[in-house]
Amino acid sequence: MQEISIRFSELFGRTPEVVAQAPGRVNLIGEHIDYSDGFVLPFAISDCTVVALARRDDRKIRLASVQKSAEIFEVSLDDLAPMVGESWARYALGVLWVLGIDTGVDLLIDGRVPLGAGLSSSAALECSIAIAVNHLFNKNLSLPELARAAQKAENEYVGVPCGIMDQSVSLMAKAGSALLLDCRDLSSENIPFLIAPQGLELLIIDTQAHHKLVDGGYAERRASCERAVAELGITSLRDISVAQYAARQSELDPVTYIRGFHAVTEMKRVLDSVDALKHNNFARLGELLNASHRSLRDDYTVSCPELNLAVDTALAQGALGARMVGGGFGGSAIALIKADQVKRCEVAISRAFSDAGFKAPRFFTSLPSEGAHVISN
Ligand code: GLA
């Protein structure tokens, strides 16, 4: 029996009806453009959130997390409403609220995606529950429909204005590939991302920094992109080329213009990266990662000193490319680097962080892994 099933039985005195898991993610490239209808290129990491679930014959929801000493949080199905629940529990309750279940449930979560590292532990939690509920309650929803439901839970129940990328990749990723996702209609293509045979690794550097701007800064950047679209009278930043956008600079205030400039150039970088991957051109991919970082740092201004130091040090150690990933203002950076240089790079980044008086960073590597699935029922 799975470890989580044993814990579930100890806690709730019965066996779970379904166990499912969903991974966190790293975004290779395509940052801050999912909410502008862009293409993004994330992949799932091997760290997952696992959930065990069983229906009840009343309307109680009992919720516990292995990481929270399995303390049981209880609420009635009839009382579910935005913001009800402890902060971590809201992500789970939000999914139940959006999907609509007709009986209560007992639910145990084992979250193994590092928290606060910008690796989408929240999407992993939402998607593990979405996939389990879809299965147990015979919802027959497609993966894009489940992604939209999980995003809605985060937007409306938890109150975080995230885009659709994290939930989509957590549900739809395939091992060995990055997911080229069209955020407009959620169609996707698996792009093989096999770096090990090239002697390369993707080092994930969790800076352990969490700057205050995380929430307000994200919403503010998103609003700038929406303003650019409204003022230019276009359907989305997806529908304008870099040259067309640049030609209309005088119609926008400088800040709105430069934010939108990041979006339109990043959209192009994603497609160029796909082309580079299809031709096994990792040097080119590295250049595009670097250009993405510069754009996020200088134009979109969502980086921070810790992320910049991680990226600069990785490049000084010979990385082919490096950039911040996720929402920014802290969290993780990635570096595409020769496998035999990884250790030296980690040491150099740790030393640079210590010299700068920053908290010690954490390092991970992960191959592109499989998206959410039911493990047992
Ligand atoms: C966060 C959001 C995503 C996406 C990224 C930036 O991870 O949840 O929807 O916008 O930031 O690319």
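Worth saying up front: this structure is predicted, and the values here are computed from it rather than measured.

S.K.: It is not clear to me how the overall build of the chain should be interpreted in this structure. Could you clarify?
M.R.: Tallying secondary structure elements over the chain gives 11 helices and 13 strands in all. Relative to the globule expectation of 21 Å for 377 residues, the C-alpha radius of gyration of the chain, 21 Å, shows essentially globular dimensions. Along the first, second and third principal axes, the C-alpha set of the chain runs to 60 × 50 × 40 Å. Per-residue burial over the chain gives 57% buried out of 377 residues. Taking all contacts inside the chain whose residues are at least 6 apart in sequence as the whole, residues at least 24 apart take part in 72%. By element, 50% of the accessible surface of the chain is carried by carbon and sulfur atoms, the whole surface being about 14,700 Å². For the chain, the distance from the average position of its 36 positive side-chain charges to the average position of its 46 negative side-chain charges is 2 Å.

S.K.: Help me understand the pattern of salt bridges in this model?
M.R.: Side-chain pairs of opposite charge can arise where the charged atoms are in close proximity. Under the definition given, this model contains 26 salt bridges. A salt bridge links Asp110 to Arg112, with the nearest nitrogen and oxygen atoms 2.8 Å apart. For Glu189, the salt bridge is made with Lys278, and the minimal N-O distance between the two is 3.3 Å. With Glu189 in strand 8 (residues 188-192) and Lys278 in helix 8 (residues 254-278), this residue pair connects regions lying 89 residues apart in the sequence. With relative accessibility at 51%, the residue Lys278 sits in the exposed group. Here the salt bridges share partners, and the residues they tie into one network are Arg14, Arg56, Asp58, Arg62 and Asp106.

S.K.: It is not clear to me how the side chain of Asn27 should be interpreted in this structure. Could you clarify?
M.R.: Residue position: Asn27 is located in strand 1 (residues 18-27). A polar contact of 2.9 Å, which involves the side chain of Asn27, links it to the backbone oxygen of Gly30. Engagement of the side chain of Asn27 in a polar contact is seen with the side chain of Glu31, the distance being 3.0 Å. Non-local contacts of Asn27, meaning those with residues more than four positions away in its chain, are made with Leu41, Pro42, Met165, Arg323, Val325 and Ile334.

S.K.: What is the right way to read the site of the ligand from this model?
M.R.: Every residue lining the ligand is accounted for by Arg25, Glu31, His32, Asp34, Tyr35, Cys162, Gly163, Met165, Asp166, Tyr218, Gly326 and Gly327. Here an oxygen atom of the ligand sits 2.5 Å away from a polar atom, N or O, in the side chain of Asp34. Within the side chain of Tyr218, one N or O atom sits 2.6 Å away from an oxygen atom of the ligand. Taking 310 Å² as the accessible area of the ligand by itself, protein coverage stands at 91%. When each cavity is represented as a set of grid points, the ligand is found to reside in the largest pocket.

S.K.: Would you mind going over the layout of surface pockets with me for this structure?
M.R.: A probe as big as a water molecule, rolled over the atoms, marks out the empty space that is left. Approximately 1,300 Å³ is the volume found for the largest pocket. For the largest pocket, the lining is made up of 48 residues, of which Tyr91, Gly116, Ser121, Ser122 and Glu154 are closest to its centre. Each residue belonging to the lining of the largest pocket can be placed in one class, and the counts come to 20 nonpolar, 19 polar and 9 charged.

S.K.: What is the right way to read the environment of Arg297 from this model?
M.R.: Counting through the fold element by element, Arg297 comes out in helix 9 (residues 282-299). The exposure class assigned to Arg297 is partly exposed, which follows from its relative accessible area of 29%. Counting along the chain gives 93 residues from Arg297 to Ile204, while the straight-line C-alpha distance between them is 18 Å.

S.K.: Explain helix 3 (residues 121-136) to me, please; I cannot follow it from the model alone.
M.R.: Two residues of an α-helix separated by three or four positions point the same way, owing to the 3.6 residues in each turn. A rise of 1.5 Å per residue sets the reference length of helix 3, with its 16 residues, at 22 Å; its end C-alpha atoms lie 23 Å apart and thus fit the reference within 8%. Taking burial as the measure, the 16 residues of helix 3 include 14 buried ones, the bulk of the element. A positive backbone phi angle near 45° is found at Asn138, which sits one or two residues after helix 3.

Parameters at a glance
Residues numbered from 1 in each chain as written. Predicted model: local features only at pLDDT ≥ 70, side-chain atom pairs only at ≥ 80, totals over all residues. Heavy atoms only, no water. Helix = DSSP H or I, 4+ residues; strand = E, 2+ residues; numbered from the N terminus. Rg over C-alpha atoms; globule rule 2.2 N^0.38 Å. Buried < 20%, exposed > 50% of the residue type's maximum accessible area, 1.4 Å probe, protein only. Contact = heavy atoms within 4.5 Å. Areas by Shrake-Rupley, 256 points an atom, 1.4 Å probe, with all protein chains shown as cover. Lys, Arg positive; Asp, Glu negative; His and termini not counted. Charge placed at Lys NZ, Arg CZ, Asp CG, Glu CD. Salt bridge = Lys/Arg side-chain N within 4 Å of Asp/Glu carboxyl O. Polar contact = N/O pair within 3.5 Å; in protein donor to acceptor, adjacent residues only side chain to side chain. Near = heavy atom within 4 Å. 1 Å grid on protein atoms, 1.4 Å probe; cavity = no way out; pocket = protein on both sides within 12 Å on 5 of 7 lines; lining within 4 Å. Sits in = over half its atoms within 2 Å of the grid points. Points joined across faces, edges and corners; volume = space filled by probe spheres on them. Nonpolar A, V, L, I, M, F, W, Y, C, P; charged D, E, K, R; others polar. Expected span 1.5 Å × (residues − 1).

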